Amino acid sequence: MNKRRKLWAEAFGQYGFRVRVEERRVGGTLYARLPVLPYRDDGPRYRDVSLQHADKERAKEWARTEAEKLRAGTSGALDPVPTAARVFARYVTETKPDKGESSQELDTRASAMWTRWLGADKDLSKLTPSEWRGFIRARASGEIDAQGKPVPEKDDEGNPTRKPVRTRTVENDCKWLMWVLNWATKERDADGHYLLQENSARGFAIPHEQNPRRPVATQDRYEALLAVADQVLMDVRRNKKRVPVRSYFRELLELVNGTARRISAVCQLRYEDLRLARSKTRPHGAIQWPGETDKMAKAFAAPLNATTRATIDRILSERPGIGAAYLFPKASDPTKPVGKDLVSDWLERAEQLAGLPKQSGTLWHAFRRKWGTERKHHPIQDVMAAGGWSDPTCLQTIYQQADPETVYRVVSEPAELREAK
């Protein structure tokens, strides 16, 4: 007969300053119970705090340290003040399961940046307009970098070191803090109170880029890159030597151009994501794009066209595989996918070989815009489903760009309005 596993718990510290850490569900998030000092006449009070993780060794170390802080009168574990460190940590941890890899990276970077700018102990309920405007000036001028670290005006040789950033970059950083503050007004603490009673940045002006850079790749550019694709090489290990071989660049380019997916999602494709059975609505099969590799963590299934199916068949012929194996494995470690930075280097190399000027502010994403723009004549709902968009406004205002041919048809082919007869 199987015995029911007991919930883990352990206490640390001297009597009166003891901190208990425990699990309330087997393998689940750990909690701490701490005494609220000083004791009242009617006896001790305690407060429970979620540790936001399930690592028991980490919890033990935290409890030992916190017990010493309680004894010394320096503990801040029960501080109800919504400090930047406290709120950002909650936001990053609790929203992580619902986000893709790139969004998680943004959260990590932005939380570090704003923490450095405001200070870890900054009470977010008391954010001031001057702090907001100061950040905008410092970020735009390059006085601080993307991690919030100060950048000296000049190096040791007197050369300028600060690199101003575009308004769009500052806009995104400000919007991130707005998202967090709005989230904090809906998230409750352990005692049932909201982390913030209101968004302290409400009404603060966010800078907007009047002329955002959203380059679109053309079919001519795509064909020029394909013409040199096989010249882009990568190194593999053979007999303890590095051997240059044809890279994955051609197949990656064809898949990005044929599916509209972000390059990071294509790099992480696995054999188990392929749905190659043919049907009436999917005559060339489909790909089940997993939520784990999507920016918004949403899964999509989309059919393949004939050209993209030919690419998949070529990959299967050259590198057959099954299950969770990657279609584009890292040369030095097949258990990992090829890296985004490396394939971006491949694209830049191909542009050089083809004699193409680099498109300002973009690499692979220009082909996602190409895909969406080439399909403006199709119903928006179908374009969203095929290309992996969740928001029609995002698709229509950011990805589908005006092109000269369509603009000319708009001015040349009116549907004339006439009086009813």
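Scroll up a little and you will see the structure.
Just so you know, these numbers come straight off a predicted model, no measurement behind them. (Residues numbered from 1 in each chain as written. Predicted model: local features only at pLDDT ≥ 70, side-chain atom pairs only at ≥ 80, totals over all residues. Heavy atoms only, no water.)

Enquirer: What is the right way to read the pattern of salt bridges from this model?
Expert: Opposite charge on two side chains makes pairing possible when the charged atoms of those side chains draw close. Taken as a whole and judged by the stated rule, the model has 28 salt bridges. Here Glu209 makes a salt bridge to Arg166, at a shortest N to O gap of 3.6 Å. Here the residue Glu209 occupies a position in the loop between helix H5 (167-184) and helix H6 (219-228), and Arg166 occupies one in the loop between helix H4 (129-141) and H5, the gap between them amounting to 43 residues. Assessed through its relative accessible area of 18%, Glu209 is described here as buried. Using a relative accessible area of 31% as the deciding quantity, one classes Arg166 as partly exposed. Among the salt bridges present, the one from Glu374 reaches Lys370, with a minimum N-O distance of 2.9 Å. (Salt bridge = Lys/Arg side-chain N within 4 Å of Asp/Glu carboxyl O. Helix = DSSP H or I, 4+ residues; strand = E, 2+ residues; numbered from the N terminus. Buried < 20%, exposed > 50% of the residue type's maximum accessible area, 1.4 Å probe, protein only.)

Enquirer: Would you mind showing me how to read the packing of helix H2 (residues 84-95) against H5 here?
Expert: In a packed pair of helices, the relevant descriptors are the angle between the two axes and the axis-to-axis distance. Contact geometry for H2 and H5: axes closest at 10 Å, N-to-C directions at 85 degrees. By the angle class used here, H2 and H5 are roughly perpendicular. Contacts from Val87, Phe88, Arg90, Tyr91, Glu94 and Thr95 of H2 reach H5 at Trp176, Leu177, Trp179, Val180, Trp183 and Ala184. For the contact of H2 with H5, the class distribution of residues is 9 nonpolar, 1 polar and 2 charged. (Axes fitted to C-alpha atoms, helices over the stretch in contact; angles between N-to-C directions. Parallel < 35°, antiparallel > 145°, perpendicular 65-115°, else oblique. Contact = heavy atoms within 4.5 Å. Nonpolar A, V, L, I, M, F, W, Y, C, P; charged D, E, K, R; others polar.)

Enquirer: Where do I start with the sheet that holds strand E9 (residues 300-303) in this structure?
Expert: Strand pairing in a sheet relies on backbone hydrogen bonds, with the paired strands running either antiparallel or parallel. The strand order across the open sheet built from 3 strands is E7-E8-E9, with neighbouring strands paired in antiparallel fashion. Pairing within the sheet leaves two strands with one partner each, and these edge strands are strand E7 (274-275) and E9. As paired elements, strand E8 (residues 286-289) and E9 share 4 bridges and run antiparallel to each other. Counterpart to Ile287 in the pairing with E9 is Ala302. (Pairing = 2+ DSSP bridges.)

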